[in-house]
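Okay, here's what each chain looks like letter by letter:
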Amino acid sequence: MCSVQRLQAFKFELMPNGEQVRKMRQFAGMARFVFNRGLALQKARYEAGDKKLGYADLCKELTGWRNSDETPWLKGGPIHPLQQSLKDLERAYANFFAQRADFPRFKKKGQRDSFRYPDPKQIKLDQGNRRLYLPKLGWLRFRKSREVLGTVKNVTVSQSGGRWFVSIQTEREIEVPAPSGGSVGIDMGVARFATLSDGSHLPPLNSVKKHQAALRKAQQAMSRKTKFSNNWKKAKTRVQKIQARIANVRRDFLHKASATISKRHALVVLEDLQVGNMSRSAKGNVEQPGRNVRAKSGLNRTILDQGWFEFRRQLDYKLAWRGAHLVMVPPQNTSRTCPECGHVAAENRRSQARFACVECGFEDNADHVGAINVLRAGYARLACEVSGAVRPPAAGTRRSDSAAAVGCD
């Protein structure tokens, strides 16, 4: 076994008093203001043909804003969380230029309100009394559901559904165990959330569908209120609570599913699904209107409700914690390829659930067939990486050989 440094976050619900709630709202608003002002400054410099400012230069601008007569209230907030907003802006620009994300957008009040304390020297954690000390907030009580392990590195305070949470990121040295268990391929879907190559499957949760009636009723009630009135704000809070409930239920399901799979397998192979492309709107435009828009809209909602990308993200780090591996393979033709004879044809998949090879007559559940082919493609990719012969797969390839499907000569 080898030792590695593990970064891990522990999230708890806070139990602040009224004064602390007011301060946290103010600090979140300050962080949002600094981010938006920094973004506006960067956009103005770009339109003027000037180079964008780096993080150090943005921090100098922040000093000027805090000392300005226009925004003297910025002095009332802690400086480090405001600097972290500018660091987040710098990271957003870096992700955009690296083509990992869209161009940074202005933040809106009430959407992902948060601020971060990066200096562990200013943070005090008293686990015995279930409390945490943060600058300009004092001691905050939290609902401790588990022990915080490791040395505290930073703390993020956030709001969701009218409640405040704290995320404590820690660092500690751990021994990575030797991976245990076998290999498995997983086919993601909507009729079945995940079908494993061993024949088992996980039914979908469909969190949005279960809460859709309550959410629609709350949204309709909010739409009948005068915007920004007290009654509208109350109705909006009810909508946010239902949306937070949907997200929490989905997150709990994904954590349990990913934890179960990561504990039982040393190698997991997943399809590299492009969820953004799969859930793109079909409404089209005036010149070329879309077809079956209503049905496609419902399918898009169901796809996004599954949380495939979050499931992949959780599997990735949980497998790494256990010394196991996650392999991604192209999804092309995984449910159209016969695992017995290798024949590839769209006619092999007779329906959403039924696979019947037109060449050899082999029949099975289509998702199970997809999971088997995903696992074989994973083996082929590993073999390619060992031989150093990996190349991108050719567009539109219909070759049935698993090695060819991942671009291995």
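Here the structure is a predicted model, which is why all the values come from computation and not from measurement.

(A) Spotlight on the overall build of the protein. If you tally the helices and strands in the protein, you get ten helices and 14 strands. The C-alpha extent of the protein, read off along each of the three principal axes, is 80 × 60 × 50 Å. Out of the 409 residues in the protein, the part that is buried amounts to 40%. For the protein, the proportion of contacts with a sequence separation of at least 24, taken over those separated by at least 6, is 65%.

(B) Here's a closer look at the sheet that holds strand β2 (residues 114-117). Strand order in this open sheet of seven strands is β2-β6-β7-β1-β5-β4-β3, and the pairing throughout is antiparallel. Of all strands in the sheet, those with a lone pairing partner are β2 and β3 (124-126), marking the two edges. Mean inter-strand twist for the sheet, computed between neighbouring axes without regard to direction, equals 30°. Note that β2 and strand β6 (residues 151-160) share four bridges and pair antiparallel. In the sheet register, Phe 115 faces β6, and the bridge partner there is Val 157.

(C) Region of interest: the packing of helix α5 (residues 230-264) against helix α8 (residues 308-321). The interhelical angle for the contact between α5 and α8, taken along N-to-C directions, is 40°, at an axis separation of 9 Å. With respect to α8, the axis of α5 lies oblique. Between α5 and α8 the crossing geometry is right-handed. Along the contact surface, α5 presents Arg 251, Leu 254, His 255, Ala 257, Ser 258, Ala 259, Ile 261 and Ser 262, while α8 presents Glu 310, Phe 311, Gln 314, Leu 315, Tyr 317, Lys 318 and Leu 319.

(D) A look at the packing of aromatic side chains. This structure, assessed with the given rule, holds 14 aromatic pairs. Three or more aromatic residues joined by ring pairs form one cluster here, namely Tyr 93, Phe 96, Phe 97 and Phe 103. Above the ring of Trp 321, the side-chain terminus of Arg 6 is found at 3.9 Å from the ring centroid. A cation over an aromatic ring shows up here: Lys 11 above the ring of Phe 165, its NZ or CZ 5.2 Å from the ring centre.

(E) Representation of the sheet that holds strand β12 (residues 325-329) within the structure. As summarised here, the arrangement of the five strands in space is β10-β9-β8-β11-β12, forming an open sheet in which the pairing is mixed. Strands with a single pairing partner mark the edges of an open sheet, and in this sheet they are β10 (201-202) and β12. Direction of pairing for strand β8 (residues 182-188) relative to strand β11 (residues 265-271): parallel, over a ladder of five bridges. For Ser 183, the partnering residue across the bridge sits in β11 and is Leu 267.

(F) Fine view of helix α3 (residues 79-97). Relative to the 27 Å expected for 19 residues at 1.5 Å per residue, α3 spans 28 Å between its end C-alpha atoms, a close match to the ideal helical length. Contacts made by the buried residues of α3 are with α1 (18-47), α2 (55-67) and β2. Just past α3, the residue Gln 99 takes up positive phi, approximately 60°.

Cut-off values and rules
- Residues numbered from 1 in each chain as written.
- Predicted model: local features only at pLDDT ≥ 70, side-chain atom pairs only at ≥ 80, totals over all residues.
- Heavy atoms only, no water.
- Helix = DSSP H or I, 4+ residues; strand = E, 2+ residues; numbered from the N terminus.
- Buried < 20%, exposed > 50% of the residue type's maximum accessible area, 1.4 Å probe, protein only.
- Contact = heavy atoms within 4.5 Å.
- Pairing = 2+ DSSP bridges.
- Axes fitted to C-alpha atoms, helices over the stretch in contact; angles between N-to-C directions.
- Parallel < 35°, antiparallel > 145°, perpendicular 65-115°, else oblique.
- Left-handed = near helix turned anticlockwise from the far one by under 90°.
- Phe/Tyr/Trp six-rings, centres within 6.5 Å; stacked < 30°, edge-to-face > 60°.
- Lys NZ or Arg CZ within 6 Å of the ring centre and 35° of its normal.
- Expected span 1.5 Å × (residues − 1).

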